Amino acid sequence: MQNDFGKGKIWKVIMAQALPLMAAQLVHLLYNVVDRIYIGHLENIGSMALTGIGLAFPITTLVAAFTNLFATGGAPFFAIARGEGDDEKAELILSQVTAMLCITSVILFVISFVWRKQILYLFGASDASYAYADEYLRIYIWGTSAAMLSTGLNVFINGSGYPRIGMMTIFLGALLNLILDPVLIYYFHMNVAGAALATVISQIVSCFWAVSFFLRDTAPYRIRPAYMRPRWSVIKEIIPLGTAGFVMQGTNSLVSIVCNTTLRSFGGDLYVGIMTVINSVREILSLPAQSISQGAQPVFSYNYGAKNYSRIKSGIRFMTWAVLVYTAAAWALTIAFPQFLMSVFTNDSAMIEAGTHSLRLYFFAFVFMTFQSGGQSVFTALRCSKRAIFFSLFRKVFMVTALTILLPRIGFGADGVYIAEPVSNVIGGLACYIAMYLTVYRKLPQDGEEAHI
């Protein structure tokens, strides 16, 4: 049965969305994180191979950015259409997003495949690390279409009120990846290529599951071929809202490029490898906070369409406190056990020793991530696209990127790259949340009235 986001205690509705999403995203991390764990422990070549995979990270992030452009852009309109009871409009949005994901994935594949050498050197590859980066990327990009469709459509499965089925979309592929990784990497001695091939096969399985959900006769909403021909009137509404998610992921790619090139200049390949590990730890520790924020989005959008504004306010308060408590616990973990977290990904003593210090710097203000993710979630859910885009750019481009370039050059060295993150978390996170509170939360009217935010 479809979930009715307008009934029941709001915190239960949010967590009913967030917990399956959290489980799905946790399993989804196995696609890349398990690859890095296996590769990082390869005898003799582990550290350099890990550095090579890290160089491919901006490309995989860019794929996620374009997925967000259409999926997170279409999802709020989809949820609002559900709240209004307009099923035909919901199916039109779903079909348009599917078409754009297919078209964009082909374009990204061609660009990444043809110009991958130039791209990898631009991203900070050295002659030593390029071989491993290219070995991974030239296989990985064959799964671009499958990755975009499985991830993008999964947002709509969750938005339809079926988070457990959404969880299975990722679980099936990630379980297969977990099985294939050691087989291909160690048994068949494929090393980095084996990790990439395992990921591609797993993404295809996830894609098949997600697409088949919306094609079956019993689906609550269906992908209809007649609705898949691009319609600019629909796309021009989706893209501005999806630009916020695109900017968030796209700027992650930009930050990775700037970090890798700066670290190569001030620390060498070893520090590029350390950043690969830190990114992996960040992905894992950020996941519950992001899941709660993302799980709240369709609930906020649905109630906005139904004009249940008091439920939105209650949901914002719950989301903020839940994420704040979690990030405080995660921060304590990183400060107390940095050496253990590094050793999960590598057995290189030099990388562990240098990385322990770097990890503590990077996560120093992790709790302030609460305010960035909370503010962005509300802006996106309630179609405040310009504000969502601005604060994404403010933190990642005007803060992180600028500080990553500046701090190492004024005496901080490689440490400056890691210090840029906590500084931007404090300033960017607080600015985003305060703006959300003043321009959205306080301006929501009484239930049933028209909102002007």
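On a predicted model such as this, the values are computed, not experimentally measured, just so you know.

Criteria and cut-off values
Residues numbered from 1 in each chain as written. Predicted model: local features only at pLDDT ≥ 70, side-chain atom pairs only at ≥ 80, totals over all residues. Heavy atoms only, no water. Salt bridge = Lys/Arg side-chain N within 4 Å of Asp/Glu carboxyl O. Helix = DSSP H or I, 4+ residues; strand = E, 2+ residues; numbered from the N terminus. Buried < 20%, exposed > 50% of the residue type's maximum accessible area, 1.4 Å probe, protein only. Axes fitted to C-alpha atoms, helices over the stretch in contact; angles between N-to-C directions. Parallel < 35°, antiparallel > 145°, perpendicular 65-115°, else oblique. Left-handed = near helix turned anticlockwise from the far one by under 90°. Nonpolar A, V, L, I, M, F, W, Y, C, P; charged D, E, K, R; others polar. Phe/Tyr/Trp six-rings, centres within 6.5 Å; stacked < 30°, edge-to-face > 60°. Core = buried A, V, L, I, M, F, W, Y, C linked by side-chain atoms within 4.5 Å. Contact = heavy atoms within 4.5 Å.

K.L.:
Could you give an account of the pattern of salt bridges, naming the residues involved and the relevant values?
P.N.:
The final tally for this structure, using the stated rule, is 7 salt bridges. The salt bridge involving Glu-283 is made with Arg-36; its shortest N-O contact spans 3.4 Å. One end of the pair, Glu-283, is in helix α10 (residues 269–305); the other, Arg-36, is in helix α1 (residues 10–40), with 247 residues separating them in the sequence. Comparing Glu-283 with Arg-36 shows no difference in burial state: the two are buried.

K.L.:
Break down the packing of helix α7 (residues 163–187) against helix α8 (residues 191–215) for me, with residues and values.
P.N.:
Packed helices, taken two at a time, are described by their axes: the angle between them and the distance between them. Relative orientation of the contacting elements α7 and α8 amounts to 160 degrees, with a least axis distance of 8 Å. It follows that α7 is roughly antiparallel to α8 by the angle criterion. Remark: the crossing between α7 and α8 carries right-handed chirality. In terms of residue class, the contact of α7 with α8 is made up of 16 nonpolar, 8 polar and 1 charged.

K.L.:
Got a sec to walk through the packing of aromatic side chains? Specific residues and values, please.
P.N.:
Enumeration according to the criterion identifies 23 aromatic pairs in this entry. With a centroid separation of 5.5 Å and 20 degrees between ring planes, the pair formed by Tyr-136 and Tyr-140 is classed as stacked. Placement of the pair is Tyr-136 and Tyr-140 together in helix α5 (residues 127–140), with a separation of 4 residues, close to one helical turn. Exposure class is identical for Tyr-136 and Tyr-140. Each is buried. Ring centres of Tyr-437 and Tyr-441 lie 5.4 Å apart, and the angle between their planes is 20 degrees; this geometry places the pair in the stacked category. Given the relative accessible area of 37%, Tyr-437 is considered partly exposed.

K.L.:
Break down the nonpolar core for me, citing the residues and quoting the values.
P.N.:
Generally speaking, a soluble globular protein has its nonpolar side chains buried in company with each other. If you look at the biggest cluster of nonpolar residues, it comprises 92 residues, and the most contacted ones within it are Phe-300, Phe-379 and Leu-382. Per-element accounting of this core gives the leading share, 15 residues, to α10. Sequence-distant contacts of Phe-379, that is, excluding residues within four places in its chain, are made with Cys-384, Arg-387, Ala-388, Phe-391, Cys-432, Ala-435, Met-436, Thr-439 and Val-440.

K.L.:
Run through unusual backbone geometry, naming residues and quoting values.
P.N.:
Non-glycine residue His-189 carries a positive phi angle of around 55 degrees. Along the polypeptide, His-189 turns up in the loop between α7 and α8. On the basis of relative accessible area, His-189 is assigned to the exposed category, the value being 64%. Its identity as a non-glycine residue notwithstanding, Lys-307 has a phi of 60 degrees, on the positive side. Examined against the element boundaries, Lys-307 turns out to sit in the loop between α10 and α11 (309–336). Since its relative accessible area comes to 26%, Lys-307 is described here as partly exposed.

None of this, on its own, says anything about what the molecule does.
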